[in-house]
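# Chain and residue survey
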Amino acid sequence: MAREALIQNEQLFRALIEHSTDAIILITPDGTITYANPSTAQVTGYTPEELVGMKSSALLHPDDQENLKKQLTNLIGHAEEVLCLEYRLRCKDGTWRWIEGTVTSLLDHSQVGAIVCTWRDITKRKQVPAFEQAARELLDAESKFRSLVESNIVGVMVTDQEGRMYEVNDRLAHLLGYSREELLSGNQGVKDLLVPAYRSARARAWKTLISHGASLPEEKEYVRKDGSIFPALVAAATINQERTRALVMLLDISDRREAERRKEEFLGMVSHELRTPLTAIVGFLELALLCVERLSGASLMSTGDLLGTLDAMLRQAQRQAEIETRLVAELLDMSRMEMQKFDLSLQACNLASIVQQVVVNQQQVAPTRRIELAMPPQALVPVVADADRIEQVLTNYLVNAFKYSSPDRAVWVQLSVEGLMVRVSVRDQGPGLTLEQQQRVWDRFYQAETAGHQGSDAGLGLGLYIARTIIAQHQGQVGVESCHGQGATFWFLLPLADEPVQT
């Protein structure tokens, strides 16, 4: 009777397993599957016969294997425990499913002698939060998009590479002078609205959009319905996976262009009005100095003191005239840079010679200042550069070093080769710069407030801004290293030329 009862219980147990909606497998301590019920096929895609003999670890996601191995090892040593875990299982078709697994050790059970694993597919439950989050993000993005379009702060259109417009806002219609219906009718495309000179720029921008999904902002000009022209800053980004349609935003910059035009006129007027008298002043001063030199050779001893005073006054006047000329030149340089009309005359040259010449020139201008020059072993340091502009940068560095350090302190100039680049640096022993000053010192019109300033020539705060722009146009870099109270080192890097040059 006991044997019959045992057989009945085993049959009942097997029937329960065979008809369970949960996938159930039996595995050995090393993970080999010894039994799989029919429901495993629905979860994994493998038949029970295919699963038997397979290592269970072969079905596990690589990121889950280590944790499950540790948990299984602990379970074997504590037979009374039941593990409930969530992990990913690889199906026969290569897809992954999230499984809620229950693992029980029956190794000490004489009738079973295995580890029982129950699998329940929870993939949909796992995906629902992700879908909900994606839906919320999509709704949020669409809401932001609608807000942008309807705010009418900038002109907005949705277009394709051919130039057909699928959506426009009121601001764009107003900028172009058309109604929304006219723009969406398909009778004219974006290319028809562009000034012809900018059509090639649009073609390049679309290549960037297709490659990267977004294009950098650039200025273009559009033709209104009445034939007038208006400038705009244009930025675009693709809005579909195929990158066939893009959201394009136009910011009207007519006011900025007008301000730039007026500023250019103003600077031109300043240049003319200041340069004309300055040229005359410099000419008269040179003649006066010549007369002083001739009079100083006369035998009238009583005129010596007068001549000395006159000479000093004339030289001071000449220096002030030179300062004003330099200020005008800086204003003109800044204007050309902002209008993108600042051109360089690039030629192969020896940077070592340029540095040495600047040091000699500044030593003559400021004979009481001590300049320590450190040069590399090689006599030739070839670069492709505008020698006059590089001299301007280094001169600015030296003038600033003199200006912000004590006259009895030396200034160091160093030229060194660093890999494919060459580095020029100027180090002073002045009060140094704070972190904020180091960040702002390259800005237009910025002047660091410091107690170490020597002399009354404050300048316009354009020198370093111009220096940075010049070096950038040489494909180089500028920088400053300083600790407050311990001086400052201003430097710039230039690419070495491929071929050496002659001095």
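Residues numbered from 1 in each chain as written. Predicted model: local features only at pLDDT ≥ 70, side-chain atom pairs only at ≥ 80, totals over all residues. Heavy atoms only, no water.

So, on to the pattern of salt bridges. Overall, the coordinates contain 16 salt bridges when judged by the stated rule. Between Glu-218 and Lys-220 there is a salt bridge, with the nearest N and O atoms lying 2.9 Å from each other. Taking relative accessible area as the criterion, Glu-218 reaches 26% and is therefore assigned partly exposed. Residue class for Lys-220 comes out buried when judged on its relative accessible area of 5%. Of the charged contacts, one joins Arg-257 and Glu-221 as a salt bridge, the two residues approaching to 3.1 Å between their closest N and O atoms. Of this pair, Arg-257 sits in helix H10 (residues 254–295) while Glu-221 sits in strand E8 (residues 214–223); the two residues are 36 residues apart in sequence, bridging distant segments of the chain. Residues joined by salt bridges that share partners form a network here, namely Glu-219, Glu-221, Arg-256, Arg-257 and Glu-260. (Salt bridge = Lys/Arg side-chain N within 4 Å of Asp/Glu carboxyl O. Buried < 20%, exposed > 50% of the residue type's maximum accessible area, 1.4 Å probe, protein only. Helix = DSSP H or I, 4+ residues; strand = E, 2+ residues; numbered from the N terminus.)

The next subject is helix H9 (residues 199–212). Here H9 is 14 residues long and its end C-alpha atoms lie 20 Å apart, about the 20 Å a rise of 1.5 Å per residue gives. Burial in H9 covers these residues: Ala-201, Arg-202, Ala-205, Trp-206 and Leu-209. Each buried residue of H9 lies within a common arc of 140° when the element is viewed along its axis, so the set occupies one face. Of the exposed residues in H9, the ones pointing more than 90 degrees away from its buried face are Arg-204 and Lys-207. Downstream of H9 by one or two residues, Gly-213 has phi in the positive range, about 85°. (Expected span 1.5 Å × (residues − 1). Arc of directions from axis to C-beta.)

Once that is clear, we can look at the nonpolar core. Ranked by internal contacts, the top residues of the largest apolar core, which has 45 residues, are Leu-351, Tyr-397, Phe-490 and Phe-492. At the level of secondary structure, the elements contributing two or more residues to this core comprise helix H12 (351–365), strand E13 (382–385), helix H13 (387–403), strand E14 (411–418), strand E15 (421–427), helix H15 (463–473), strand E16 (477–482) and strand E17 (488–495). Of the residues forming this core, the biggest block, seven residues, is contributed by H13. For Leu-351, the contacting residues outside a window of four places in its chain are Val-381, Val-383, Ile-390, Leu-415, Val-422, Val-424 and Leu-494. Counting residues in hydrophobic clusters, the runner-up holds 23 residues, among them Ile-25, Val-43, Leu-60 and Leu-72. (Core = buried A, V, L, I, M, F, W, Y, C linked by side-chain atoms within 4.5 Å. Contact = heavy atoms within 4.5 Å.)

Bringing the sheet that holds E15 into the picture now. The strand order E12-E14-E15-E17-E16 describes an open sheet built from five strands, whose pairing is mixed. Every interior strand has two partners, whereas the edge strands, strand E12 (371–374) and E16, have only one. For this sheet, the mean angle separating the axes of adjacent strands, direction not counted, is 15°. Bridging between E12 and E14 involves four bridges; their strand directions are parallel. When the sheet's bridge partners are listed, Glu-372 is paired in E14 with Trp-412. Sheet strands touched by H13: E12, E14, E15, E16 and E17. Its angle to E17, the strand with the most contacts, is close to 170°. (Pairing = 2+ DSSP bridges. Axes fitted to C-alpha atoms, helices over the stretch in contact; angles between N-to-C directions.)

With that settled, consider the environment of Ala-173. Relative to the helices and strands, Ala-173 is located in helix H6 (residues 170–176). Residue Ala-173 is classed as buried on the basis of its relative accessible area of 7%. When residues no more than four places from it in sequence are discounted, the contact partners of Ala-173 are Tyr-178, Ser-179, Arg-180 and Leu-183.

Glycine aside, a negative phi is what most residues show, and trans is what most peptide bonds show. The phi angle at Arg-243 is positive, at roughly 60°, despite the residue not being glycine. Relative to the assigned elements, Arg-243 resides in the loop between strand E9 (229–238) and strand E10 (245–252). By relative accessible area, Arg-243 is classed as partly exposed at 30%. Even without being a glycine, Gln-475 presents a positive backbone phi close to 60°. On the secondary structure map, Gln-475 appears in the loop between H15 and E16. For Gln-475, a relative accessible area of 64% corresponds to the exposed category.

In total, this model carries four aromatic pairs according to the counting rule given. Measuring from ring centre to ring centre gives 5.8 Å for Tyr-222 and Phe-230, while their planes differ by 25°; the resulting arrangement is stacked. For the residue pair Tyr-222 and Phe-230, the accessibility class agrees, reading buried in each case. Chaining the aromatic ring pairs together yields one cluster made of Tyr-397, Trp-442, Phe-490 and Phe-492. (Phe/Tyr/Trp six-rings, centres within 6.5 Å; stacked < 30°, edge-to-face > 60°.)

It is worth spelling out the packing of H13 against H15 at this point. One way to put it is that H13 packs onto H15 with a least axis distance of 10 Å and a crossing angle of 145°. Two packed elements cross with a definite hand, and for H13 against H15 that hand is left-handed. On H15, the residues touching Arg-389, Ile-390, Gln-392, Val-393, Asn-396, Tyr-397 and Asn-400 of H13 are Gly-463, Leu-464, Ile-466, Ala-467, Ile-470 and Ile-471. Taken together, the residues of the contact of H13 with H15 sort by class into eight nonpolar, four polar and one charged. (Left-handed = near helix turned anticlockwise from the far one by under 90°. Nonpolar A, V, L, I, M, F, W, Y, C, P; charged D, E, K, R; others polar.)

One open sheet holds the five strands; their spatial order is E2-E1-E5-E4-E3, and the pairing between them is antiparallel. Two strands lie at the open edges of the sheet, namely strand E2 (33–36) and strand E3 (82–90), each paired on one side alone. Strand-to-strand twist of the sheet, defined as the mean angle between neighbouring strand axes without regard to direction, takes the value 30°. Alignment of strand E4 (residues 96–106) against strand E5 (residues 114–121), held across eight bridges, turns out to be antiparallel. Residue Leu-106 lies in a different strand from E5, and its bridge partner there is Ala-114.

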